[in-house]
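Now for the letters of each chain:
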Amino acid sequence: MDLDALTAARQQEWARLDELGRARRLSGVEADELVTRYRAASADLADLKTSAGRTPQGDHVSTILARARLQLTGAPENVFRQIPRFFALQLPAALHRVRWTTLVIAAGFIAIVAVVGFWISGDPALIAALGPRAQLEYYAENEFTQYYSENPAAVFAGTVWTNNAWIAAQCVLFGITGIWPLMVLMQNAMGLGQAAAVMMAFDRGDVFVLFILPHGLLEMTCIFVAGAAGLQIFWAWVAPGRRTRGEALAQAGRSLATIAIGLVLVLAVAGLIEGFVTAQPWPWPVKIGIGALALGAFLFYMIVVGGRARRLGETGDLTEYETGTPTLVAG
C-alpha cells in the first residue's frame, strides 16, 4: 500500500470527520454523515495497520476516530457539574426513597429504648445485674455527663464523627446481608436503653434526656436512614420484581450507596453539635433548639428537596451514560 497515495486520497474525508467530531452540535443529517465517515475511517485505519503497522498517518486517523467516538457516545459530565447535581438531585432523591422505612425504624428503635429503659429501671435485680451499685451510681452522677467534656471539643467531635460515620457506612454497605443493619440498630437501642435505665434508677432520667437530645436528634436520625438504605438494598435482592437479581441489586446499590456519602457530611454536623454544644453551660432550650434546627434542615432536605428531585425523575442512581443502557422489561 502506498501510504502517501492513501493519505492524499482520504485527506479531505478525514478532515471532514475531524470537523464533525469537533462540532458542539450536530443536525440529524450531520449525525448520519458522522456515522458514515466514522465507519469509512475505521476501515482506513484497519488497512493502514495491516499493511504498514504503526505509522504517523495511522496515529492521526486514530486520534480523529477517538474524538468522533466521543461525539457519538457522549463524554463524562464535567466534575464541576456532577457535584451540584449530586447534592441537588441524586442524594436528596435517594434519601427521599427511604423516608418511610426510616420512620418505621425510628419508631421501633425508640420503642425498644423505652421498653428496655423502663423495664430494667423498675427492677432492682436487673439493675444489680448491670454492675456494682457504687459503680452505677458514679456513672449516673458523674461519668455520663463527664463523657461530653473530658476531652477537647474538637477532638471529641472528630472522634464521635468518625465512629458514627463508620457505623452508618456499615449499615448501608453491609445491608445486603439483611442482618447487619438490624444487628447494629438493636445493639445501639439496647445500649441506649440500658444507659437510660441506670440514669432513671438514680433519678437522673431528666439529665439523660437533656444530654442526648441536642446531638442525638440528628445523629440517631442518620443511623436510622443508614439502616433503612441497607435494608432496601437487601430487599432489592430478595424481591427484584421483573428485573434480574443482579440488575435490581446493582441499581439499588448505586442509588442508595450515595446515602453513605451524604451521611458522612451530616454526621459531621452532629459531631460538631455533640462536641461544641451538648456540654456547654447554656440554657437547655437553646441547646435542644440547635439540635432540632439541624434535624429540621436535614428533614427538609430529605423530604422537600428529595420529593422535588423524585418528581423530576431522579432515583439517586447514576446517569445512563455512567451505568449503561438498562434492559427493558414489560410492565
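Everything below is about the structure printed above this text.
Here the residue numbers are simple positions, counted from 1 along each chain's written sequence. Local features in a predicted model are, by the rule used here, given only for residues with pLDDT of at least 70; side-chain atom pairs are given and counted only at 80 or more, and totals for whole chains, interfaces and linings are based on all residues. Heavy atoms from the whole structure form the basis of all side-chain values; hydrogens and water molecules are not counted.

Participant: Would you mind going over helix α8 (residues 153–173) with me for this structure?
Facilitator: The α-helix winds at 3.6 residues per turn, so residues separated by three or four positions along the chain end up facing the same way. Secondary structure counts use DSSP, requiring at least four H or I residues in a row for a helix and at least two E residues in a row for a strand, with both numbered from the N terminus. Helix span, as expected, comes to 1.5 Å for every residue beyond the first. The end-to-end C-alpha distance of α8, which contains 21 residues, comes to 30 Å, matching closely the 30 Å that a straight helix rising 1.5 Å per residue would cover. Every buried residue of α8 is accounted for by Phe 156, Ala 157, Val 160, Asn 164, Ala 165, Ile 167, Ala 168, Ala 169, Gln 170, Cys 171 and Val 172. Close packing links the buried residues of α8 with α9 (180–201), α10 (205–238) and α11 (245–276). Summary of the burial criterion: residues with accessible area below 20% of their type's maximum are buried, those above 50% are exposed, and those between are partly exposed, where the area comes from a 1.4 Å probe applied to protein chains only. Working rule for contacts: check all heavy atoms of both residues, and any pair within 4.5 Å makes them a contact.

Participant: It is not clear to me how the pattern of salt bridges should be interpreted in this structure. Could you clarify?
Facilitator: In a structure, side chains of opposite charge can pair up when their charged atoms sit close to one another. The term salt bridge refers to a pairing of a side-chain nitrogen on Lys or Arg with a carboxyl oxygen on Asp or Glu at a separation within 4 Å. In total, this model carries seven salt bridges according to the counting rule given. A salt bridge links Asp 44 to Arg 10, with the nearest nitrogen and oxygen atoms 3.2 Å apart. Of the two residues, Asp 44 sits in helix α2 (residues 28–52) while Arg 10 sits in helix α1 (residues 3–22), which places them 34 residues apart along the sequence. Relative accessible area serves as the criterion here: at 5%, Asp 44 is assigned to the buried category. Asp 18 is paired through a salt bridge with Arg 67; the nearest N and O atoms lie 2.7 Å apart. With a gap of 49 residues between them, Asp 18 in helix α1 and Arg 67 in helix α3 (residues 56–73) connect regions that are remote in the sequence. On the basis of relative accessible area, Asp 18 is assigned to the buried category, the value being 16%.

Participant: Explain the nonpolar core here, please?
Facilitator: The tendency in soluble globular proteins is for nonpolar side chains to be buried side by side. With 42 residues, the main nonpolar core has Val 98, Val 225, Ile 259, Leu 263 and Phe 298 as its most contacted residues. When residues of this core are traced back to their parent elements, those giving at least two are α4 (79–97), α5 (99–121), α8, α9, α10, α11 and α12 (284–311). At twelve residues, α10 tops the list of elements feeding residues into this core. Those residues in contact with Phe 298 that lie beyond four places of it in its chain are Leu 95, Leu 218, Thr 221, Val 225, Leu 263 and Val 266. Here, nonpolar core refers to any group of buried Ala, Val, Leu, Ile, Met, Phe, Trp, Tyr and Cys residues whose side-chain atoms link them within 4.5 Å.

Participant: How do you make sense of a nonpolar patch on the surface when you look at a structure like this?
Facilitator: Surface patches are drawn from residues lacking salt bridges whose relative accessible area is over 30%; two like charges belong together within 9 Å, two nonpolar side chains (Val, Leu, Ile, Met, Phe, Trp, Tyr) within 5 Å. Surface accessibility in these figures is a Shrake-Rupley result with a 1.4 Å probe; residues are shielded only by whichever protein chains are displayed. Nonpolar side chains collect at one region of the surface, where Leu 173, Phe 174, Ile 179, Trp 180 and Met 183 lie side by side and expose about 470 Å² of accessible area between them. Position of Ile 179 among the secondary structure elements: in the loop between α8 and α9.

Participant: What's the story with the packing of aromatic side chains in this structure? I'm lost.
Facilitator: Here a ring pair, both rings aromatic, is described through the centre-centre distance and the interplanar angle of the planes. Ring pairs shown here join Phe, Tyr and Trp side chains whose ring centres sit within 6.5 Å, with only the six-membered ring taken for Trp; geometry is labelled stacked below 30 degrees between planes, edge-to-face above 60, and tilted in between. Within this structure, the stated rule accounts for 13 aromatic pairs. Summarising the aromatic geometry, the rings of Phe 144 and Tyr 148 are spaced 6.0 Å apart at their centres and angled 75° between planes, so their arrangement reads as edge-to-face. Neither Phe 144 nor Tyr 148 differs from the other in exposure class; each is buried. Taking 5.0 Å as the distance between ring centres and 80° as the angle between the ring planes, the aromatic pair formed by Tyr 147 and Tyr 148 counts as edge-to-face. Classification of Tyr 147 as partly exposed rests on a relative accessible area of 39%. Under the relative-accessibility criterion, Tyr 148 is labelled buried at 5%. Cluster of aromatic residues (ring-pair linked, three or more members): Tyr 139, Phe 144, Tyr 147, Tyr 148, Phe 156, Phe 208, Phe 211 and Trp 284. Directly above the aromatic system of Trp 284 lies the positively charged group of Lys 287, at a separation of 3.4 Å from the ring centroid. The rule for a charge over a ring is simple: NZ of Lys or CZ of Arg within 6 Å of the ring centre, and within 35 degrees of the ring normal.

Participant: Teacher, can you tell me more about unusual backbone geometry here?
Facilitator: Note: most residues except glycine have negative phi, and most peptide bonds are trans. For Asp 203, which is not glycine, the phi dihedral falls at a positive 55°. By secondary structure assignment, the location of Asp 203 is in the loop between α9 and α10. Residue classification places Asp 203 among the exposed residues on the basis of a relative accessible area of 70%.

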